[in-house]
Structures are given as C-alpha cells and as structure tokens.
Amino acid sequence: QVQLVESGGGLVQAGGSLRLSCAASGRTFSSAAMGWFRQAPGKEREFVAAISRSGGYTYYTDSVKGRFTISRDNAKNTVYLQMNSLKPEDTAVYYCAADRDQLFPRISLNEYDYWGQGTQVTVSS
C-alpha cells in the first residue's frame, strides 16, 4: 500500500513558478514509476508528466515540455514537479500517482494504482 500526499500548490501570476511535492509512505515507492496528472473544472483528468522508478526516464505532455520538470528523490520517497512559465491554462487540481512495480513511465491514468488527494494550482492572467 502506498499513500501519497501532495503539497506546494497555490495562486501565482502568469509567468511565475511553483514546485509541487508528493510525499509517499510505504515500501513500494522506489519500485514504482510516478506520474503527475491534472484536472481542470469541467474537464477530464489528463496526463502531465511521468518518471521511471530510477529517475532516468521522463515523459511530458506536449503542452508542458520545456516548462515543467519532473524529478524524484527515492531516499526521501518524494516526487517533484517544477513548473515554470506558468500559464492560466495550467490552472487545475494536480494529482500525483504511483504505478506499482513499473519500471518505465506510462501516460494512461488507468495504469496507476495509487493516487494523492490533489493540490490546487491557480494561475492568474
């Protein structure tokens, strides 16, 4: 069992930055690929970024490439999402998720086994 707790969301002006953190409890963090997803009001939850369990492979949705960076610290059981050059269209609830016993990152939310409660990111224009 893995429990995930996100933090770091908030209100920021367009062009600003935020760093989201996701702290995991449980022994399976280091064996799980991790992902970040987001859900805007009235829209479906969508993939943002994912990272392999070693941290050596990452994958991003096109709309955040060059602006967002996913990373992880397995010693701290934490995954991060550094978000730069934020845009109003990045406004959403951001969720981290764990893909148990998975080596490489995947983009389908149906592949993920554990989810955090989400953290709100609001970007004002």
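Residues numbered from 1 in each chain as written. Predicted model: local features only at pLDDT ≥ 70, side-chain atom pairs only at ≥ 80, totals over all residues. Heavy atoms only, no water.

Participant: Quick one: what's the story with the side chain of D99, residue by residue and with numbers?
Facilitator: Within the element layout of this structure, D99 appears in strand β9 (residues 92–99). Taking relative accessible area as the criterion, D99 reaches 0% and is therefore assigned buried. A distance of 2.8 Å separates a polar atom in the side chain of D99 from a polar atom in the side chain of R106. (Helix = DSSP H or I, 4+ residues; strand = E, 2+ residues; numbered from the N terminus. Buried < 20%, exposed > 50% of the residue type's maximum accessible area, 1.4 Å probe, protein only. Polar contact = N/O pair within 3.5 Å; in protein donor to acceptor, adjacent residues only side chain to side chain.)

Participant: Please set out unusual backbone geometry residue by residue, giving values where relevant.
Facilitator: Glycine aside, residues mostly have negative phi, and peptide bonds are mostly found in the trans state. Here N77, not a glycine, exhibits a phi torsion of approximately 55°, which is positive. With respect to the element layout, N77 can be found in the loop between β7 (68–73) and β8 (78–83). Classification of N77 by relative accessible area gives partly exposed; the value is 21%. The backbone of S85 sits at a positive phi, close to 50°, despite the residue not being glycine. Here S85 shows up in the loop between β8 and β9.

Participant: Help me get a handle on the pattern of salt bridges, residues and values and all.
Facilitator: Counting across every chain of the model gives seven salt bridges. Between R106 and D99 there is a salt bridge; the shortest N-O distance is 2.8 Å. Where E111 meets R106, a salt bridge forms, and the shortest distance between an N and an O atom there is 3.2 Å. In this structure E111 comes out as partly exposed when scored by relative accessible area, which is 33%. (Salt bridge = Lys/Arg side-chain N within 4 Å of Asp/Glu carboxyl O.)

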